[in-house]
Amino acid sequence: MIPFNKPYMTGRELWYIAQAHANGQLSGDGMFTKKCHAWLETRTGTHKALLTHSCTAALEMAAMLAGIQPGDEVIMPSYTFVSTANAFVLRGGVPVFVDIRPDTLNIDEAKIEDAITSRTKAIVPVHYAGVACEMDTIMEIAQQHKLLVIEDAAQGIMATYKGRSLGAIGHLGAYSFHETKNIISGEGGALLINDDRIAERAEVIWEKGTNRSKFFRGEVDKYTWVDIGSSYLPSDLVAAFLLAQMEEADAITARRLHIWQFYHDQFADLEADGCLRRPIVPAECQHNAHMYYILLSSESIRAQLIARLKSEGIYSVFHYVPLHSSPMGHQVGRISGSLDVTDDISERLLRLPLWIGQDYAPQIVRAVKEALGKL
Ligand SMILES: *Cc1c(COP(=O)(O)O)cnc(C)c1O
């Protein structure tokens, strides 16, 4: 059996958790949390990083920091995970769905301006599969229209655009450390605050709407309720686990890239034969091998391939039901322009297992080639 995902452990997670246990410091913002913040700030160049208990939580914080009010519009792809939209809907915001590019499957930057109205507050690019959106154009549009850019970089840790870390380019960025991502802590995430003007407020929202962090730094003599907020800090036990992963981030990424490249080389001839299309990574994007997907020629071929692989114990999965065609999307969202690429791609995309620990890729390549030869 080859599962779709298997979380990779470095071996040092329990040792660090034992240290947190021995320190007797279990709640958030302890020694391990601070070490993870320092790692994120050094590795990504962000001004300030805050660990959260999920990427979903980081996006919710971003929606508060953006000051989203009922009726405010937020531009995003429909081809994404629900949290990209939910974080804003929770504040009364309206997700405005824009189509994706057929090459990278990221938001089509050329279609963003048409979606802007007087109610637009933010643009949320999602870096699908750890391949960057066209950030220079997106930042330019945002600047012209005075909008915030919040990167959903859930899949983007260790990936870059023109040498800059994903998540550290927009005003705010959100990472996920869910066990299906590259660097993990079971559940987990981080908010990157790349604009100093909102760093202080981010810390307040993170600490339940209090100025507790300032108090601990000795900047105020008592702490109190100063803003809205919630409990977004993970326990230091979770941060201890995460630090072990962060310290291995280069090795983890290299091993994932190796598997990704194997698939990519092996499927070149199937692409040439017109059986499938492989992922496209623009030259200015260094990806992180978060995902290997193939685009098949129809929904029915995809369904047959999934079934055939499953019969051989190989678990492949498709991806997002586009948000604009979901029940909630219909109710709270708005569509800008045609979403033809989104509708088309979401029916034909198949994700293959990509995890570290076993040499299963040759078996999968063989099974895909054999199945497609017969379908
Ligand atoms: C995984 C993912 C999320 C959610 O991350 P959690 O840490 O599980 O909350 C959000 N957006 C995208 C694009 C994702 O892939």
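In this text the structure is predicted, and so the values were computed from the model without any measurement.

## A look at the sheet that holds strand β11 (residues 285-286)
The strand order across the open sheet built from three strands is β7-β6-β11, with neighbouring strands paired in antiparallel fashion. With partners counted over all chains shown, the strands left at the sheet margins are β7 (164-165) and β11, one partner each. Bridge analysis of strand β6 (residues 160-161) against β11 gives two bridges, and the strand direction is antiparallel. Note that in β11 the partner of Tyr 161 across the bridge is Cys 285.

## Remarks on the pairing of strand β3 (residues 94-98)
A large share of β3 lies buried, amounting to five of its five residues. Residues of β3 alternate between two faces, with Val 94, Val 96 and Val 98 on one and Pro 95 and Phe 97 on the opposite face, all of them buried. Here strand β2 (residues 73-77) runs beside β3; their pairing, made up of five bridges, is parallel. If you follow Ile 75 over to β3, its bridge partner there is Val 96. Taken together, β2, helix α4 (residues 82-89) and β3 form a β-α-β motif whose crossover is right-handed. Bridge count between β3 and strand β13 (residues 334-335): two bridges; the pairing is parallel. The residue of β13 that forms the bridge with Phe 97 is Ile 335.

## A few points about the pairing of strand β5 (residues 148-152)
Of all five residues that make up β5, five are buried, and the element is covered over most of its length. Burial along β5 is two-sided: the face carrying Leu 148, Ile 150 and Asp 152 and the face carrying Val 149 and Glu 151 are both buried. Once you follow strand β4 (residues 120-123) into helix α5 (residues 135-145) and on to β5, the crossover reads as right-handed. With three bridges connecting them, β5 and strand β8 (residues 172-176) associate as parallel partners. Note on β8: the bridge partner recorded for Glu 151 is Gly 173.

## Points about the sheet that holds β5
If you walk across this open sheet you meet the eight strands as β1-β9-β8-β5-β4-β2-β3-β13, and the pairing is mixed. Edge positions in the sheet fall to β1 (48-52) and β13, since each of these pairs with one other strand and no more. Strand contacts of helix α2 (residues 31-44): β1, β8 and β9 (189-193), with the helix running at about 135 degrees to β1, the strand carrying the most contacts.

Cut-offs and rules
- Residues numbered from 1 in each chain as written.
- Predicted model: local features only at pLDDT ≥ 70, side-chain atom pairs only at ≥ 80, totals over all residues.
- Heavy atoms only, no water.
- Pairing = 2+ DSSP bridges.
- Helix = DSSP H or I, 4+ residues; strand = E, 2+ residues; numbered from the N terminus.
- Buried < 20%, exposed > 50% of the residue type's maximum accessible area, 1.4 Å probe, protein only.
- Right-handed = clockwise from strand over helix to strand, strands pointing away.
- Contact = heavy atoms within 4.5 Å.
- Axes fitted to C-alpha atoms, helices over the stretch in contact; angles between N-to-C directions.

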